[in-house]
Amino acid sequence: MTNTEETAALVSEAQIAVHWREEEYYYPSARFIAQANAADPRIYERFSEEHFPECFREYADLLDWDRYWHTTLDTTDPPFWKWFVGGRLNASYNCVDRHMEKSPNKAAIIWVPEPEEEATQAITYQELYRRVNEMAALLEGFCGLGPGDRVTLHMPMVPELPVVMLACARLGVIHSEVFAGFSGTACGGRIADSGSKVLITMDSYYRDGKVLDHKVKADEAVEAARKEGREVDKVLVFRRRPDEYHSASPMVQGRDYFVDEVMRDYAGKKVAPVSMPAEAPLFLMYTSGTTGRPKGAQHSTGGYLSYVAGTCKYFLDIHPDDTYWCFADIGWITGHSYIVYGPLSLGTTTVIYEGAPAFPDASRPWRIAERLGVNIFHTAPTTIRMLRKAGPELPAKHDFHFKLMVTVGEPIEPEVWRWYYDTVGKDEAVVVDTWWMTETGGFLGATLPAIKAMKPGSCGPAALGIYPAIYDEEGKAVDAGTGRAGNICIRNPWPGIMQTIWGQPERFVQTYYAKYNHDSASKDWHDWPFLCGDGAVQALDGYYRILGRIDDVINVAGHRLGTKELESAVLTVPEVAEAAAVPVIDELRGRVVEMYVSLKPGISASPELEDKAKAAIETEIGKVARPRNVWIVPDMPKTRSGKIMRRVIASISNFADVGDITTLANPDVVEGIRHHVQSQKLQRGDVPRQLTEKEMEEIRSFGNA
Ligand code: WT7
């Protein structure tokens, strides 16, 4: 490497100074404050560093424990922290039984099918209790599953999904739900990685007015798992409509079973909740990182459940009599924490919607909110942007009133924030911008809604009991108010943090701790800052602004896609020699993916090959990851050490300045690629709007090569 290249590699995206306009504050109404779970600012005092870790008792005390713990935080094996050691509890008991005893006829889940003519289902706590017990009996009796076993779920947004999750939790079985939009192949990889012998799926579901054949993916999943050496013994298939089967895939004798048929033997059966140690894993949630192999984030029972209960109570202000609707997919961590485990642990009513946000029109969410009396609404900027574009005036036509609204998953533009606040919130609702990630179980940054003012575009200060720091590449703290960005870390452990990466403990330490830990023998948690993976800036008021991922991850509509995963998928096309994924700024989806591909010698470019590359991504990962464009180029721009310069092609795709290319091994290819790509994009009408300074910096430093 030349000197210039070395310097370039040291300056990460996160270190670049960022300028933005400070936004004005918005304040909660007196009416909101009067009813809030946390209205006394002294709560921050209770969760201050001098009260750590005992402050988190307050969260754990929201749960019923079979046996109280003796050690709140055990740090003897860093960074494998153990919370509430000695304690025992059952997550399904905490989310179901204890509320059933108090209010059996209250709705636990209200399920809204996508077809509007199909009836909404209210599932009471009593009914949920019955269903969870029967399902647990089936999993135990028919599948032979017990504590510590893993089972993979590939389920859409139907009430059977939380029922199965809670049935697993009842038995101490570790569930691993894979987002239904992911392909069968992606699901198979996760089956193999987790070592599941059972796959639970559904024949079909509704999305955007269509019935999607989902069972076909189970066949691909079983096949993909087999290639990695894992045999699936049983595939349990729910039917979206009783007694009807909507799939082209044949049921395989001795492997595939309809749940409703097997269930006949388990009707009315009860299973005592298994008392699990606080540290027993509750579930795995796979996510993307820098290398191709997905990471199974392993979450605990006691720490995780305490953390989601506590954050639901204080940050989402959930009361037992609220009707809460989180418009995310249960296949992601948001759904696990803030559709299923958090709200149900507090005994509230959680709404689950099957389908697409704007089906059959962009008023659908507002009709649902009005009809069900939803008073807490939770969704992602990508959905907000889409609903705003499709019908900016529609919320005003419906008689719903939110007291609180949440945004999660990616930074929200202040303009979009203001529409959410004014038009959806009708100037009555507080907005809580929650920043966190799959690995962290629950919120890291958010405003306590009755206590802290809102500031559009900033997630707010750290959550209770979370002590962040922003470090530069050398590990020096970056001060608040300097306008300088750095790598945001959390200095302390907290109950919701993942326990490890399933089966890859070294990767866990390497990915999240190696960068800023200087003494791997230290037993002191102060020596183990957790690297969140985001760049961030802190303003003088202590609020954080999140700039996006510092690793090779592209956030498409709130879905984390690893560039390596995308590239490996395209490399399954035999004609492809090299592939590089880059983000393109998109008005609605935040970022979309574009792929650059070079072909093996003797093969010429064709639209068919572009389609093959797109299809490969759909097969290996899923439709969410489908690139907008595939550009076949004669040669990739590379450094002299052979590294693809992703920032150069990212700049081209975004019509940004390509920057310094003098250190490239082949600077002459750049102009040809630029001309080809940009003229095609102009022809297709696919030109991004003028980028902001911050977006420009992100693109110019993408991949950091
Ligand atoms: C990444 C994590 C959080 C659960 C759903 C996504 C980005 C998340 C915010 C926010 C700005 C955000 C970060 C983070 N992100 N929330 N409020 N403001 N950025 O979980 O798939 O693990 O993605 O999403 O970049 O690292 P995930």
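In this report, the structure presented in the accompanying data block is examined.

A closer look at the overall build of the protein chain
Of the regular secondary structure elements, the protein chain holds 21 helices and 30 strands. The C-alpha radius of gyration of the protein chain comes to 25 Å, within 12% of the 27 Å expected for a compact globule of 705 residues. Excluding contacts between residues fewer than 6 apart, the proportion of contacts in the protein chain whose partners are at least 24 apart in sequence is 73%. Surface exposure of the protein chain reaches about 25400 Å², of which carbon and sulfur atoms provide 51%. Within the protein chain, one finds 76 positive and 97 negative side-chain charges whose respective centroids are separated by 2 Å.

Remarks on the site of the ligand
Around the ligand, 17 residues are found, and the nearest of them are Asp433, Thr438, Asp534, Arg549 and Arg560. Within the backbone of Gly409, an N or O atom sits 3.1 Å from a nitrogen atom of the ligand. The side chain of Asp534 places a nitrogen or oxygen atom 2.6 Å from an oxygen atom of the ligand. Taken by itself the ligand offers 550 Å² of open surface, and the protein chains cover 96% of this.

Things to note about the pattern of salt bridges
Scanning all chains against the criterion turns up 49 salt bridges. Between Asp219 and Lys215 there is a salt bridge, with the nearest N and O atoms lying 3.1 Å from each other. Residue Asp219 and its partner Lys215 are located together in helix H9 (residues 215–227), separated by 4 residues, close to a single helical turn. The exposure class of Lys215 is buried, given its relative accessible area of 0%. Between Arg628 and Asp686 there is a salt bridge, with the nearest N and O atoms lying 3.6 Å from each other. With Arg628 in the loop between helix H18 (607–620) and strand E30 (629–632) and Asp686 in the loop between helix H20 (668–683) and helix H21 (693–700), this pair connects stretches of sequence that are 58 residues apart. Judged by relative accessible area, Arg628 falls into the partly exposed class, the value being 33%. The exposure class of Asp686 is buried, given its relative accessible area of 14%.

Considering the packing of aromatic side chains
Using the criterion set out here, one finds 50 aromatic pairs in the structure. Taken together, a centroid distance of 5.8 Å and an interplanar angle of 80° make the contact between Phe52 and Tyr467 edge-to-face. Of this pair, Phe52 sits in the loop between helix H3 (43–46) and helix H4 (57–60) while Tyr467 sits in the loop between strand E20 (430–434) and strand E21 (468–471), and the two are 415 residues apart along the sequence. With a relative accessible area of 10%, Phe52 lands in the buried category. In this structure Tyr467 comes out as buried when scored by relative accessible area, which is 9%. Ring centres of Phe56 and Trp83 lie 5.6 Å apart, and the angle between their planes is 90°; on these two criteria the pair is classed as edge-to-face. Of the two residues, Phe56 sits in the loop between H3 and H4 while Trp83 sits in strand E2 (residues 82–85), which places them 27 residues apart along the sequence. Above the ring of Phe258, the side-chain terminus of Arg239 is found at 3.7 Å from the ring centroid.

Some details on unusual backbone geometry
Cis geometry is adopted by the peptide bond preceding Pro53, which originates at Phe52 and carries an omega value of 0°. Inspection of the secondary structure assignment puts Pro53 in the loop between H3 and H4. The amide bond that connects Pro78 to the next residue, Pro79, takes the cis arrangement and shows omega of -5°. As for its placement among the helices and strands, Pro79 is situated in the loop between strand E1 (71–74) and E2. A positive phi angle is found at Phe84, which is not glycine, with a value near 55°. With respect to the helices and strands, Phe84 occurs in strand E2. The exposure class assigned to Phe84 is buried, which follows from its relative accessible area of 0%. Even without a glycine there, the phi angle at Phe655 is positive, about 55°.

Observations concerning the environment of Gly533
By secondary structure assignment, the location of Gly533 is in strand E24 (residues 530–538). It is 41 Å that separates the C-alpha atoms of Gly533 and Ala272, two residues lying 261 residues apart in sequence. Filtering out sequence-adjacent residues up to four positions away, Gly533 remains in contact with Ile488, Gly548, Arg549, Ile550 and Asp551.

Topic: the nonpolar core
Judged by nonpolar contacts, the single largest core of 158 residues is most densely connected at Phe56, Leu128, Met135, Leu139, Ile200, Tyr341 and Phe402. Residue contacts for Tyr341: discarding those within four places in its chain leaves Ala91, Cys95, Met165, Leu166, Ala169, His175, Leu282, Phe283, Tyr304, Leu305, Val308 and His336. Residues Phe182, Val573, Met636 and Ala650 belong to the second largest nonpolar core, which totals 64 residues.

Observations concerning the sheet that holds strand E11 (residues 234–238)
Strand order in the open sheet formed by 8 strands is E12-E11-E8-E6-E7-E14-E15-E23, with mixed pairing between adjacent strands. Every other strand in the sheet has two partners, leaving strand E12 (256–258) and strand E23 (500–501) as the edge strands with one partner each. Across the face of the sheet, helix H12 (residues 333–345) comes into contact with strand E7 (174–177), strand E14 (281–287) and strand E15 (295–300) while running at roughly 145° to E14.

The rules behind each value
- The residue numbers shown here count from 1 along each chain, following its written sequence.
- Totals for whole chains, interfaces and linings use all residues, but because this is a predicted model, local features are given only for residues with pLDDT of at least 70 and pairs of side-chain atoms are given and counted only at 80 or more.
- Note that the side-chain values use all heavy atoms of the structure and ignore hydrogens as well as water.
- Note on conventions: DSSP H or I runs of at least 4 residues are helices, E runs of at least 2 residues are strands, and numbering of each starts at the N terminus.
- In this treatment the radius of gyration is a C-alpha quantity, and the globule benchmark scales as 2.2 Å times the residue count to the 0.38 power.
- Residues are treated as being in contact if the distance between any of their heavy atoms lies within 4.5 Å.
- Residue-level accessible areas treat just the shown protein chains as cover; the underlying method is Shrake-Rupley with a 1.4 Å probe.
- Within this scheme the basic residues Lys and Arg register as positive and the acidic residues Asp and Glu register as negative, but His and the chain ends are omitted.
- Charged side chains are reduced to one point each, which is NZ for Lys, CZ for Arg, CG for Asp and CD for Glu.
- Nearness here has a simple test: a residue counts as near a molecule or strand if at least one of its heavy atoms is within 4 Å of that partner.
- Counting of polar contacts relies on pairs of N or O atoms within 3.5 Å, with two restrictions inside protein: one atom must be capable of donating a hydrogen and the other of accepting it, and residues adjacent in sequence are counted only when both atoms are side-chain atoms.
- Should a side-chain nitrogen of Lys or Arg be within 4 Å of a carboxyl oxygen of Asp or Glu, the pair is scored as a salt bridge.
- A 1.4 Å probe rolled over the protein chains alone gives each residue an accessible area, and that area as a share of the maximum for its type sets the label: buried under 20%, exposed over 50%, partly exposed in between.
- Only the six-membered ring of Trp is used, alongside the rings of Phe and Tyr, when aromatic pairs are assigned; centres must lie within 6.5 Å, and planes under 30 degrees apart are stacked while those over 60 apart are edge-to-face, with the rest tilted.
- For a lysine, the NZ atom is tested; for an arginine, the CZ atom; a charge sits over a ring if that atom is within 6 Å of the ring centre and within 35 degrees of the ring normal.
- As used in this record, nonpolar core signifies buried Ala, Val, Leu, Ile, Met, Phe, Trp, Tyr and Cys residues forming a set joined through side-chain atoms within 4.5 Å.
- A pair of strands counts as paired when DSSP detects no fewer than two bridges linking them.
- Only the stretch in contact is used when a helix axis is fitted, and all axes are lines through C-alpha atoms; the angle between N-to-C directions ranges over 0 to 180 degrees.

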